[in-house]
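What the coordinates show
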Amino acid sequence: MRVPAIVLFLLSFQLIFGQSEYPKEAFRSPVDIPLILAGTFGELRSNHFHAGIDIKTQQREGLPVYAIADGTVTRIKISHWGYGKALYIAHPNGYTSVYAHLQKFSPEIEKFVKEIQYQKESYEIEVFPDYGEIKISKDSIVAYTGNTGGSSGPHLHFEIRNSVNQKPTNPLLYGLSVRDATNPSLVGLHAYPLSQEAQVNQSNKRVQLTYSKQADGTYLAEKVNALGTIGFGINAFDRQDLAANKNGVFSVLQRVNGKVYTEFDFDSFSFSESRYINTLIDYAYFGRNRKRIQQCFKAPGNKLSIYKTLFNDGKIDVKEGYSYKVEIDIMDLEGNTVKIVIPVEGVREPVLVEREENRTPYLLKTHVPNNYDLGIARVYFPEDTFYDDFYLDLKPGQDTVRIHNNRVAAHKNFTIAFDASKYSDDDRKELFIAHLDKDGKPQYMNTYKNGTSFSTRTRLLGTYTLARDTVPPKIRPRNFKEKQWLTNYRYLSLRIADNLSGIKSYKATLNGEWILMEYEPKTSTITYNFDDVILDKKQCMLEVVVTDNVGNSTTFNSSFFRR
Ligand SMILES: [Zn+2]
């Protein structure tokens, strides 16, 4: 992003000499309905921490979104996935507010955006208006709430970032209030033997602990017999008063005999560290159960900056004959707390459950690059693709290769290259690299074709194959028929779909002129707004061309009348 030097200077001046870190009176709410959250800041998501709050919009779209303070639009991004339609406003106090999954922008911004879309002939755009080009005043309507991009229901995703380093901060630290007198909920408590010889309740493996609620509201866990270096993990969520949504907790505090061993919270983090969430959670457990245990100890490869306190990496060295009182406090932002007490006894017992390790021939040392030739495919892992060393499971099949499983997280992309030399030129055109999902269904992977070598870059472990897509996309009108009079219609809507490799591109013209079609992959719909172009002909010829990821293409032609 281009930011004039004087602006950077002013911003840093304000951050150093200005007000407190989270000014309480500076911002209004981005909506004029009560704040009820479907998601909290720092909430555990796939490969990232949630960088904002998700504000529920009463199961509706189209509610006005207000600028939280005076400012200037610094970025507008429209994409099929991710944030959908998103607006970024920088404020003079050094913060940037972000509004995402929008249905549309205010008329002024909408006009600015459409000009660029028509100029670039693309629905997906990203622009960085000059500082002051689109000035915004506090309380003005800048957009309307929607459900665009990677959103599974109408809501407003709202962020407050530090303008200088773009670090997202917890929007609830600025005095926006959410009714919340409800304690977080504990769903699961787990103990981990961490050192080679460590044991917990006669096991070398993770043990789920039982607990019961005491008269004073705290939880008391069953007594744990342990030896060696151990750690604990919790599965918890937070609820606010006015909705049943299971949101993320704000902070976790672990004490051992009164001493703070672990303390982390979510007032801020940086996007560059967000993927290390895969080291905070028990990733193997997540792969199996799709549930997230937050570990109170620092696992190998964990580079998170969220820790306020970390003693002995949050690990507890349990010695024979000693007793330990482990306490874990799980808190929301309002300070509502659930407390758990775990009595630990240093006892040596016979181990009944041994640690199991699948010793494959491929011990992967992650600090060096690794290359494997599987015959039909090669796999290349750059150094530090993974957080730790492990035994990699590799199995070449007839047409598939198994590259381990979903119980290990990759932090970096690795490369899979298939040899497609046994196929004819015509066949190769229709082939693509597919990841087989848990039901064995092929999912398209971005396939780079270089002669007979097909490669893809991915962070997803699992089974891969070459799949073939011979069927071109399907296009059908949703709200009109051939030769129909559409004078009173505001929109043209069509359904586009592809059976296998997925839609790569679409293009629509009206009487030969490119028109903007807004694509919503969730509903397989492309929509044209008749307000965009002034039609000077009574008869309109519509052409829509849709191409899938291997290049199969379908053209749809229709004509209609409009006055
Ligand atoms: Zn969100």
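Above: the structure in question.
First things first, this report covers the structure right here in the doc. (Residues numbered from 1 in each chain as written. Predicted model: local features only at pLDDT ≥ 70, side-chain atom pairs only at ≥ 80, totals over all residues. Heavy atoms only, no water.)

**Examining the sheet that holds strand 5 (residues 64-66)**
So the rule is basically this: Only when DSSP finds a minimum of two bridges between them are two strands counted as paired. Going along the chain from the N terminus, every DSSP run of H or I of four or more residues is numbered as a helix, and every run of E of two or more is numbered as a strand.
If you walk across this open sheet you meet the 3 strands as 5-12-9, and the pairing is antiparallel. The open sheet has two edge strands with one neighbour each: strand 5 and strand 9 (104-105). When strand 9 meets strand 12 (residues 141-144), the two strands line up antiparallel, connected through 2 bridges. Looking at the pairing, Phe105 lines up with Ala143 of strand 12.

**A few points about the pairing of strand 8 (residues 95-100)**
The cut-off we apply is this: Burial classification: accessible surface area is computed with a 1.4 Å probe over protein chains only, and a residue below 20% of its type maximum counts as buried, one above 50% as exposed, and the rest as partly exposed.
Within strand 8, 6 of the 6 residues are buried, which leaves the element mostly enclosed by the surrounding structure. Both faces of strand 8 are covered, namely the face carrying Tyr95, Ser97 and Tyr99 and the face carrying Thr96, Val98 and Ala100. Relative to strand 8, strand 7 (residues 85-90) is paired through 4 bridges, and the arrangement is antiparallel. Note that in strand 8 the partner of Leu87 across the bridge is Tyr99. Taken together, the 6 bridges between strand 8 and strand 13 (residues 155-162) define a ladder with antiparallel strand orientation. Bridge pairing in strand 13 places Tyr99 opposite Phe158.

**Looking at the coordination of the zinc ion**
Threshold: Only nitrogen, oxygen and sulfur atoms count as donors, using a 2.8 Å cut-off from the metal that widens to 3.2 Å for Na, K and Ca. Water is left out, so coordination shells may look unfilled.
Bound to the zinc ion on the protein side are His50 (NE2), Asp54 (OD) and His157 (ND1), at distances that span 2.0 to 2.1 Å. Each donor residue of the zinc ion belongs to the same chain, and together they define the spacing H-x3-D-x102-H. With respect to class, His50 is no different from Asp54; both count as buried.

**Considerations on unusual backbone geometry**
Residues other than glycine seldom take positive phi values, yet His101 does so here, at roughly 60°. For His101, the position within the fold is in the loop between strand 8 and strand 9. Its identity as a non-glycine residue notwithstanding, Ser524 has a phi of 50°, on the positive side. Residue position: Ser524 is located in the loop between strand 45 (518-520) and strand 46 (525-529). Note on Ser524: relative accessible area 17%, which makes it buried.

In short, the description is geometric, and any link to function would need to be established separately.
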